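Chain and residue survey
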Amino acid sequence: MKRVVITGAGTINALGHDVPTTLAAMREGVCGIGPLALRDVERLSIQIGGQVRGFEAEGRYNRQQISLYDRFTQFTLAAASEAIAQSGLSFSGDLAAKSGVVLGTAGGGVSTWDDNYRSVYEDGKNRVHPFVVPKLMNNAAASHVSMQHNLKGPSFTVSTACASSNHAMAQAFMMVRSGLAPVMITGGSESMLCFGGVKAWEGLRVMSRDACRPFSANRNGMVQGEGAGVFVFEDFEAANKRGADILCEVVGFAMSSDAADIVMPSKNGAARAMAGALSDAGLNRDEVGYINAHGTGTAANDKTECAAVADVFGPHADKLMMSSTKSMHGHLIGGTGAVELLACIMALRDGVIAPTIGYQEPDPECALDVVPNEARDAKVTVALSNAFAFGGMNAVLALRKV
């Protein structure tokens, strides 16, 4: 089995349009959640979100490209270009033939669906643009990344609700580890912040009207965000040989299914995924210093996750640091694990633990060190990134400092 490292990272989200800006915001505990600016917002009962501001497609893409790129694809391409540029890789010959793309998204082209439903049902038009289908399909972002960067190996999209990015990155990890591909571009993206997207989520009654406060006793729900996170997963020997700047090593992963309820999380399912990731990586539980929590800010998710951590880590749970950056950038649904992986890299590489902002009141059922409100300097050698989705889909990645 080959060692797998991350040699490039890219993002666009409510905290910033690139990785340095995003990490600076995480260090400062900046809140990227605010009033939504979208059509018919006055008809929504939920009017806040982690919206990407100042992103102008017209300044990045030509008219033909915009006709093909939904907003989630636009975000993905921007993040992928940043990640690949940082890695220093250029894909041609045998490297291009064997390298690929695997990305996660839950909704795909939700904005395209929303716009065209309006066109047909509200405006009474009898035709839609001929590129609607290729624009809205879930694999659109992966396809366009492969085309833009000449990636001819395995390329596909994973869709498992809020765990989509972690499942995608796990697939990329397995491909590089097994030798199937020397390099995989991976991560995830989402853009559900349109009228139809938010209205659908309102129906679940899990959304906060004012703020995302994970683990705080007065938390009252999640807040949606949008954006993308993309990474370059590469064979360690090849990366080391070419002198790449290695951000961290991916050392293990595990996936589990609750097989219990479509929306209520299971402590046992989450615990099995975390324990499995440690086992796959050959790690002892006391080696883990930081967990980037799923931490949605809903009453059920937060207490279930904390109980699962306590079960897996035992007495060491009290020595762990665990934070939810969703409090800053919102819940990117299928793209959330990818943006959150940046916090794990920052912990391992820079020794900075991103905080859980908005924390106001201790909750006895979340009695762990959730790094409340302010970032913390700490030496960490191993981190976990948790993702637990509707449908009981769990995916956990283990990372190590290099």
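Residues numbered from 1 in each chain as written. Predicted model: local features only at pLDDT ≥ 70, side-chain atom pairs only at ≥ 80, totals over all residues. Heavy atoms only, no water.

What follows is about the nonpolar core. Counting 47 residues, the largest nonpolar core has I6, M26, F231, F233, Y290, I353 and L399 as its most contacted members. Breaking this core down by element, the ones donating at least two residues are β1 (4–13), α1 (19–28), α8 (164–178), β7 (227–235), β8 (248–257), α14 (336–350), β11 (352–353) and β14 (393–400). Setting aside chain neighbours within four positions, we find I6 in contact with F231, V232, F233, D245, I246, L247, C248, V250, L341, I345 and L399. Ranked by size, the runner-up nonpolar core spans 31 residues in total, among them A270, F313, L320 and V370. (Core = buried A, V, L, I, M, F, W, Y, C linked by side-chain atoms within 4.5 Å. Buried < 20%, exposed > 50% of the residue type's maximum accessible area, 1.4 Å probe, protein only. Helix = DSSP H or I, 4+ residues; strand = E, 2+ residues; numbered from the N terminus. Contact = heavy atoms within 4.5 Å.)

Notably, F215 is not glycine yet its phi reads approximately 70 degrees, a positive angle. Under the relative-accessibility criterion, F215 is labelled buried at 0%. A positive phi angle, close to 50 degrees, is found at V371, a residue other than glycine. Turning to its location among the elements, V371 is positioned in the loop between β11 and β12 (376–377).

Reading across from one edge, β5-β4-β6-β7-β1-β8-β14-β13-β9-β10 is the order of the 10 strands in this open sheet, with mixed pairing throughout. Unpaired on one side and paired on the other, β5 (155–158) and β10 (321–323) mark the two borders of the sheet. The average angle at which neighbouring strand axes cross in this sheet is 25 degrees, direction not considered. Where β8 and β14 come together, 8 bridges link them in antiparallel fashion. Each bridged residue has a counterpart across the sheet, and for S257 the counterpart in β14 is M393. The strands touched by helix α3 (residues 71–87) within the sheet are β1, β4 (100–104), β6 (183–190) and β7, with β1 carrying the most contacts at an inclination of about 140 degrees. Taken strand by strand, α14 contacts β1, β6, β7, β8, β9 (290–292), β13 (382–389) and β14, and its axis lies near 165 degrees from that of β13. (Pairing = 2+ DSSP bridges. Axes fitted to C-alpha atoms, helices over the stretch in contact; angles between N-to-C directions.)

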